[in-house]
Amino acid sequence: MTAEPLDLFGNELTSARHVPTGRPPVNDMNLIEKVLHIAENSGYALVGPAERVYRIVANATIETASADETDAVHQLLDSKWLTKGGTHTYTCYGHTGPGNSVLVPRATKEKARKWRSLAAHPITASQQRKVS
């Protein structure tokens, strides 16, 4: 019997269980910020049983997202930074069919706003507190 890892209060850590997705983790913060920006402004759609990622370019018109964007969107969905929305009808290169929208939760929007603010006003060496 394997013992599950426990937190400070003796509760099981459910987030400690890692489910392999077959995709390498995305560690590029610029890409994550770009994907969150696109998700907030124009949006993404998931199409088909494989949930292929498409970028929304107009009202209900979509185009294929790049491979790095696709990996980042799926990683953000897996970590609950993005959520899967309702079913809508999209048009892609003359073909029309159903797909799910990708939603940006309020907590994610607030975190992204803080990151943008920190990036616009970085802490300089003179502002850092000296530790003695």
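Up top is the structure these notes are about.
Residues numbered from 1 in each chain as written. Predicted model: local features only at pLDDT ≥ 70, side-chain atom pairs only at ≥ 80, totals over all residues. Heavy atoms only, no water.

(A) A look at the side chain of Glu 69. One can find Glu 69 in helix H2 (residues 67-78). Look past the residues within four positions of Glu 69 in its chain and what remains in contact with it is Leu 31, Lys 34, Val 35, Ile 38, Tyr 44 and Arg 55. (Helix = DSSP H or I, 4+ residues; strand = E, 2+ residues; numbered from the N terminus. Contact = heavy atoms within 4.5 Å.)

(B) Representation of the pairing of strand E4 (residues 83-92). Here E4 runs beside strand E5 (residues 95-103); their pairing, made up of eight bridges, is antiparallel. Each residue of the ladder has a partner; that of Lys 84, found in E5, is Val 102. Between the antiparallel neighbours E4 and E5 lie two residues, among them Tyr 93 with a positive phi of about 50 degrees. (Pairing = 2+ DSSP bridges.)

(C) Here's a closer look at the environment of Pro 98. When you line up the elements, Pro 98 lands in strand E5. For Pro 98, a relative accessible area of 57% corresponds to the exposed category. Sequence separation between Pro 98 and Gly 48 is 50 residues; the distance between their C-alpha atoms is 7.9 Å. Residues within four places of Pro 98 in sequence aside, it is in contact with Val 47, Thr 87, His 88 and Thr 89. (Buried < 20%, exposed > 50% of the residue type's maximum accessible area, 1.4 Å probe, protein only.)

(D) Seen up close, the pattern of salt bridges. A complete count under the given rule lists three salt bridges for this structure. In this structure, the salt-bridge partner of Arg 116 is Glu 40, at a minimum N-O distance of 2.9 Å. With Arg 116 in helix H3 (residues 106-120) and Glu 40 in helix H1 (residues 29-41), the pair connects residues that are 76 residues apart, well separated along the chain. For Arg 116, a relative accessible area of 35% gives the class partly exposed. What makes Glu 40 partly exposed here is its relative accessible area of 30%. (Salt bridge = Lys/Arg side-chain N within 4 Å of Asp/Glu carboxyl O.)

(E) How the structure looks around the packing of H1 against H3. For the pair H1 and H3, the least separation of the axes is 11 Å and the interaxial angle reads 125 degrees. When the interaxial angle is binned, H1 and H3 end up oblique. Handedness of the crossing formed by H1 with H3: left-handed. Across from Met 29, Glu 33, Leu 36, His 37 and Glu 40 in H1, the residues of H3 making contact are Thr 108, Lys 109, Ala 112, Trp 115 and Arg 116. The residue makeup of the contact of H1 with H3, split by class, is four nonpolar, two polar and four charged. (Axes fitted to C-alpha atoms, helices over the stretch in contact; angles between N-to-C directions. Parallel < 35°, antiparallel > 145°, perpendicular 65-115°, else oblique. Left-handed = near helix turned anticlockwise from the far one by under 90°. Nonpolar A, V, L, I, M, F, W, Y, C, P; charged D, E, K, R; others polar.)

(F) Molecular detail of the packing of aromatic side chains. Applying the stated criterion across every chain yields a total of one aromatic pair. Taken together, a centroid distance of 5.6 Å and an interplanar angle of 15 degrees make the contact between Trp 81 and Trp 115 stacked. One end of the pair, Trp 81, is in the loop between H2 and E4; the other, Trp 115, is in helix H3, and 34 residues separate them in sequence. You can call Trp 81 partly exposed: its relative accessible area is 28%. Residue Trp 115 is classed as partly exposed on the basis of its relative accessible area, which comes to 25%. (Phe/Tyr/Trp six-rings, centres within 6.5 Å; stacked < 30°, edge-to-face > 60°.)

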